[in-house]
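# Notes for the structure review
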Amino acid sequence: MMQMKKTVWKDIRQSFRKSWGRFFSIMILMALGSFALVGLYVTGPNMRTTGTTYLNARNVADLTIIGEYGLDASDQAALATLTDVNALEYLYVKDVSIAQTHTSVRLFSQPKTISTPELIAGRLPRQSGEIAIDASQQADYPLGSIIHIDEKADQSGTKVIAKSEFEVVGYIQSGDFLSLATRGPSTTGTGQLDSFAIIHPSDFKSDVFMMAKLRFDSLIELNPYSDAYLEQLQIEKDHVYAVLAGQPEIRLHELKTTYNQKITTGQQAINEGEQELDNAAKQLEEAATLLKEGQQALVANEQLLLSAEAELEQAKQELRENEVLLQNTDTELQRTDEILREQQALLAGKQQEYEQGVQTLQGKQAEYNQAVADIDQAQQTITEQYKQLATAKQDYTRGISELEATIFALEQALGDEALDDAARQQLLAQLEQVNQQLKAVTSAYTLFLQQTYEPGVIQLDAAQKQLDQQTQQLQTVPYEIEAANNQLAEANLQIASGQAQLLAGKAAFADGYAHYESGVQQITTAKQQLITATTEYQMGKEQLADGQSELIEQTSLYEEQRKKYEQELPTATKLLAESREELATAREMVEQLVAPTYRVDTRRELLGGDGYKTYSSISNIVDSLAMIFPVFLYFVAALVTLTTMTRFVDEERLNSGTLKALGYDDYDIIKKFCVYGFVASLIGTILGIILGHTLMPTIVYQAYRSEFTVPAIEWHFHLGITLSALALAIMSSVIPAYIVAKRELREQPATLLLPKAPESGDKIFLEHFPGIWRRLTFTQKVTCRNIFRYKKRMYMTIFGVAGAAALLFTGFSVQHSVSEIKSRQFDTITHYDLIVAENPLASMPEQQQLSEQLRTPAVKNYAPVYYEEVTRVAGAHNDTQAITLIVPEEPENFAQYITLKARKTQQPLELMDEGAIISERLADLLHVEIGETLPFVDQNGEQRQVEITAISEMYIGHFIFLSPSGYEKLYRADYESNAYFTTLIDSSSENTKVAASQFMQLSAVAGVVQNTSIMSLIDTIVTSLNQIMAILIFVAMLLGAVILYNLTNINVSERIRELSTIKVLGFFDPEVTRYIYREATILTIFGIVGGWIIGMGLHSYILVVVPPDEVMFNPARWIGAYIIPVLVIAIISLVLKFFVNRRLIHIDMLEALKSVD
Amino acid sequence: MGYIEMEHSFKRYQVGESEIIANNDVSFTIEKGELVVILGASGAGKSTVLNILGGMDTNSSGKVVIDQQDISHYDRKQLTAYRRNDVGFVFQFYNLVANLTALENVELAVEIVEDASDPATVLTDVGLAHRMHNFPAQLSGGEQQRVAIARAVAKNPKILLCDEPTGALDYHTGKQVLQILQDMSRKNGTTVVIVTHNVALAPIADRVIHMHDAKVKAIETNSIPRDIAELEW
């Protein structure tokens, strides 16, 4: 028994060794099938797992809520009522642009728990003025560099970002922005968001948050790509909507209230201002009145003063008159007094004269007495002087005598000889001295005589004479005195009478004077009164003057105030007018205020969530391909394997028969085939499984990696699909082997030892048409017969080739379909570069700026259109599809911007007065046709429906086109354009960006839509699909090669006797080859045609299933897709022919003819 | 000079280290129109001789002259042309193309030859006029072998080589086939070489070549070959 088994295994090993070609064929077929199956099946899930890991790591929000007016306390209160919330976070958000660039940046406050940023380098902002920007900006803004930002103020002129300079402290990535290139629209820059960043919350100055991010407990554990998630998400979304349902009205009311309050305050301020102005005017007026009154009062006072003055004057006059009277009295009195005084004086004079006379008389008596005394005195003196002179003369004479005596004494002394010399000398000196004295006295005496004595004597003689005369004269004087005394007595009498008269006069005067005195008294009183009055008057006058100066002062003050008032009045009036206008605008704004909308976005719908959508799109694309290609591949591979195994069993017939004859049981024999098939397919399948798990995801990842921030695709082992691949491998190799072998072994061993009867020939149906049949050459007939003789092989060839061809056709068709999107869309359909949306609130000058910008030379042409984003839920994910509704003002010129045409006929389409032209992809998604109606939701949430008049070729985006009249009928509103289609002279993307940002800077521009925004997304899909298709093309080529190799091989070996026969008959080698190849060629041609047909189906299927909702692949088929499979198969056939030729040449004819196997 | 001459023909195979000699100095002569039987046991080298004669194999040395042409130096293409124009084969297992009718099987051979007989006539000659449009599977072994003979002779070969033509046939059918072959030789003057291990066939031949152990052991000529009908085995 053991021995037997050993032999069986040996036999099995031998069978491998003998047929490497077959072994590898089966292996490769299974490898290809399982590679495609596993690869396409795991790539999508792997992408989603990778995405899920990333999303979970970043805790990306399930829902993002954006309030048009922000999210205030009441909104927050509303959201707080949500149950099932795992986390809820409010964020500040603001779009700004980097100064001096077109780069737009969305600034966020840092989320703490939800949608947390992934730090790539550096750190997150810790304080005001720091920024962590997304890693795509790394090259331009190194760590530590300063980013200057420009913030566009909103309609009310407010800005949100507190700073304009930020220091780069880190680089981040975000789960909200998976795409590196497409980040949705922005309110700044070029209208497309380029970048995002996180800054410190304190750098936002806003009363309300702009955004809420939510995670739900019920969603945390769910696979975000699963239907369960989407369903639950929809439920949560509905909850959010329900919670927020009342908010728009509340917020509107609140806002209106706030605004109205503000308006009221403003109105009050205006009123107050007006009041103030009025007050000022009134005050001025009052002041003017007061001034006038003052003036009048002043004038009255002046008058009063004047009359007072007159009275005073009169009083003065009277006083003066009285005074004069008094004066006269006084004068009289004075005269009287004078007279009295004169009399008195006269009297006094006489008295005086009398006294004088007395006195004079007394004087003369004294004089006389004196003169007598004097003469006596003079006589005495003269006598004295005589005596003195005589004395003096005597003195001198005595002196001289004394001196002469001395001299003498001395001369005598000298004469004494006893005298010593010294004494002598002394005596001599004394002598000398006395001599001299003598001399001097002598001379003095002389002089005395001459000058004093002699004249003195003379004088004295004269004086004596005179005195004698005087004494004589004095002798008359006593007589004269007597006479005078007499006269005096008489005068004394006269005086006494005069005195009596005078006393009488004096009494009279005293009387008069007393009278006068009382008059004076009266006048003094009057005067005093006058003085008082005058003082009063003066005071009055002063007061008047004061009043006048005050009046002047006040008047100038008034003038000043008035001037000031007049100066300020225009400004104030203007200000007031402006305020009033502002208020009016504000009122209008409040009037126009509509309830705010709340965007509740899923990850797919989020602004900037295109990346998320595209990423899952790609994974879905791979998934949808996984549903088609591997099935197809496996079918073909299984078919070929089946045929191959059948042939193998046939070839081993004799061997099997021998074994069976030797007593081996069927199990052992079948085991051989099963093991063979199992090993070959298992090795192939394992290879395919390994490559499918690794190579395919890697290739797909390489295709999309440059577009996304998602980390490298994870490799996961997928047990289910691995088991499926193994099961399929067993099904397509082991089971056929078992069945074929089992069937064969039903025969008796003896029969098995005989060669299998060749399949008998039979007439083919063509022979029933002798007309045709006869016309065929012999070889053609033979070929026809042979084709139908080996039915299994015929089917295998046709299906195999058809499979390979179909895959090739599909691969190339899809590549063509996607590669053509851009060129067809932008070369033949859309010609505009920008859609510039107008700001409905723009003022006239702002609109003027816009029209100026539109007329710059950079703009080639422009046309006004009405533009609205409408929506419709459609597509496999029930996504809200954004549809652009466009109503050109001049439909006749619209072809310059968008060419509307039917794709198949390429006939231009016209906008009708009623109904709409819609884009093809939209029609496909909704399964609507011309003549049917398309319901949609307009921008205000209103349901509308429009009849479809035509369907236009369009590859990117959904569109509804209406004519102005069509619009008016549909909307029941007047047509008014709100945007411009613009074509630029230079349509390069760089220049388009520049132009877009220029438009964005205008206040009259609400937004700019570049038609290139969707491009990078499409590029990614195109690249990914191209890569996958390239793999499929490669797989298809390999499949084709293996199939053809196998078929040819089987064909040759199965018909080896036949070939040997014709070889023996003398067919040249090429004839032999041709004999085989003719059929193969024909079958291959059938296969290719079949491939085309299947390929068309696959292609059509892919066109429906694969593209993202807003993209249409070009359904037009490419001639290359037909030709290339032919060429590929032809080349494979030619290469195989070369090998077959060699094999045919080396056929051992005799062996073949003789042997019975 | 004979019509067919094989002179000192050797055929050696190299199998691994050892050399196998299939034909060892084989020499014989066959005259035109003769019916020759090459007789020998399995492995005697008779098939090798037939292959060499039929241009299906080349010898290692020695001359093979057929109608004054030495085919031993022929290349593949010349050999094919030789087979095509000058040789007709009949095999033990008929080797008819199953997918072709009797007539078509003959036509298959005739197609490539210039001076061929009408296939229908030839088939009529071998007594298969009524089976002409039947497929091989519908024919008996003898009929099939007759179709094979018809296919071989229809192109008027210089030499008709038959390898155990009766090997798979029953006694009667075998005799019928032999009869046809003999008739070919006698009536049409075709040179017929039959290779067989069946010594019973020797009497019908004009010349019998006995082979043993890769060598020609003896060549004998029958001046009066026996009729097929008298043959017993």
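It should be emphasised that the depicted structure is a prediction, and the values quoted were computed from it without experimental measurement. (Residues numbered from 1 in each chain as written. Chains lettered and ligands numbered in written order. Predicted model: local features only at pLDDT ≥ 70, side-chain atom pairs only at ≥ 80, totals over all residues. Heavy atoms only, no water.)

### So, the packing of aromatic side chains
Aromatic rings in a pair are described by how distant their centres are and how their planes are angled relative to each other. All names here are of chain A. Note the cut-off: Aromatic rings from Phe, Tyr and Trp, with only the six-membered ring used for Trp, were paired whenever their centres fell within 6.5 Å, and each pair was classed as stacked if the ring planes differed by under 30 degrees, edge-to-face if by over 60, and tilted otherwise. The helix count covers DSSP runs of H or I at least four residues long, the strand count covers runs of E at least two residues long, and both are numbered beginning at the N terminus. Per-residue accessibility, obtained with a 1.4 Å probe over protein chains only, is compared with the maximum for each type, and a residue is labelled buried under 20%, exposed over 50%, and partly exposed between these values. Charge-over-ring contacts are defined here by two conditions on Lys NZ or Arg CZ: a distance within 6 Å of the ring centre and an angle within 35 degrees of the ring normal.
All chains considered together, the criterion is met by 36 aromatic pairs over all chains. Plain terms: the ring middles of Phe 108 and Phe 177 are 6.2 Å apart, the flat faces sit at 65° to each other, and that makes the pair edge-to-face. Here Phe 108, found in strand β4 (residues 104-109), pairs with Phe 177, found in the loop between β8 (165-173) and β9 (195-199); they are 69 residues apart in sequence, far enough to count as distant. Each member of the pair Phe 108 and Phe 177 is classed as buried. If you follow Arg 944 out to its NZ or CZ, it ends over the ring of Tyr 971, 4.0 Å from the centre. The cationic tip of Lys 1137 hangs over the ring face of Tyr 1077; the distance from NZ or CZ to the ring centre is 5.4 Å.

### Side note on the side chain of Glu 89 of chain A
Residue and element names in this part refer to chain A. Where we set the bar: Only four residue types enter the tally: Lys and Arg on the positive side, Asp and Glu on the negative side, with His and both chain ends excluded. Any carboxyl oxygen of Asp or Glu that lies within 4 Å of a side-chain nitrogen of Lys or Arg is treated as forming a salt bridge with it. Counting of polar contacts relies on pairs of N or O atoms within 3.5 Å, with two restrictions inside protein: one atom must be capable of donating a hydrogen and the other of accepting it, and residues adjacent in sequence are counted only when both atoms are side-chain atoms.
Take Glu 89: it is sitting in strand β2 (residues 85-91). The side chain of Glu 89 sits in the buried core without any salt bridge; Lys 112 is the nearest counter-charge, 5.4 Å away. A polar contact is formed between the side chain of Glu 89 and the side chain of Thr 113, at a distance of 2.7 Å. At a separation of 3.3 Å, a polar atom in the side chain of Glu 89 contacts the main-chain amide nitrogen of Ile 114.

### Looking at the domain arrangement of chain A
All names here are of chain A. Spelled out, the test is: Throughout the structure description, domain borders are defined by an automatic or database domain assignment. Here the quantity called buried area is the total loss of accessible area, with a 1.4 Å probe, experienced by two parts when brought into contact, counted for both.
What the domain assignment reports for chain A is domain 1 (1-60 + 640-756), domain 2 (61-221 + 229-248), domain 3 (790-827 + 1012-1157) and domain 4 (831-1010). When each unit is reduced to the centre of its C-alpha atoms, the spacing between domain 1 and domain 3 is 22 Å. Of the roughly 2100 Å² buried where domain 1 meets domain 3, counting both sides, 75% is carbon and sulfur surface. If you sort the residues of domain 1 by the area they bury against domain 3, Leu 32, Thr 643 and Arg 647 come out on top, with a joint share of 24%. In this assembly, domain 1 and domain 3 are joined by three residue pairs in polar contact (both at pLDDT 80 or more).

### Re the interface of chain B and chain A
Quick reminder of the rule: In what follows, a contact means two residues having at least one pair of non-hydrogen atoms within 4.5 Å. Three classes are used: nonpolar for Ala, Val, Leu, Ile, Met, Phe, Trp, Tyr, Cys and Pro, charged for Asp, Glu, Lys and Arg, and polar for all others, with Gly counted as polar.
With 29 residues of chain B at the contact, the number on the chain A side is 32 residues. When chain B packs against chain A, the two sides together hide about 2800 Å² of surface, and 63% of this comes from carbon and sulfur. On inspection of chain B and its partner chain A, the count reaches two salt bridges. Glu 1071 of chain A serves as the salt-bridge partner of Arg 84 of chain B, at 2.6 Å between the closest nitrogen and oxygen. Our count for the chain B to chain A interface comes out at six residue pairs in polar contact (both at pLDDT 80 or more). Elements represented by at least two residues in the side of chain B that touches chain A include exactly α1 (46-53), α2 (76-86) and α3 (102-110) of chain B. Residue contributions to the side of chain B that touches chain A peak at six residues, all from α2 of chain B. The class makeup of the residues in the side of chain B that touches chain A is 13 nonpolar, six polar and 10 charged.

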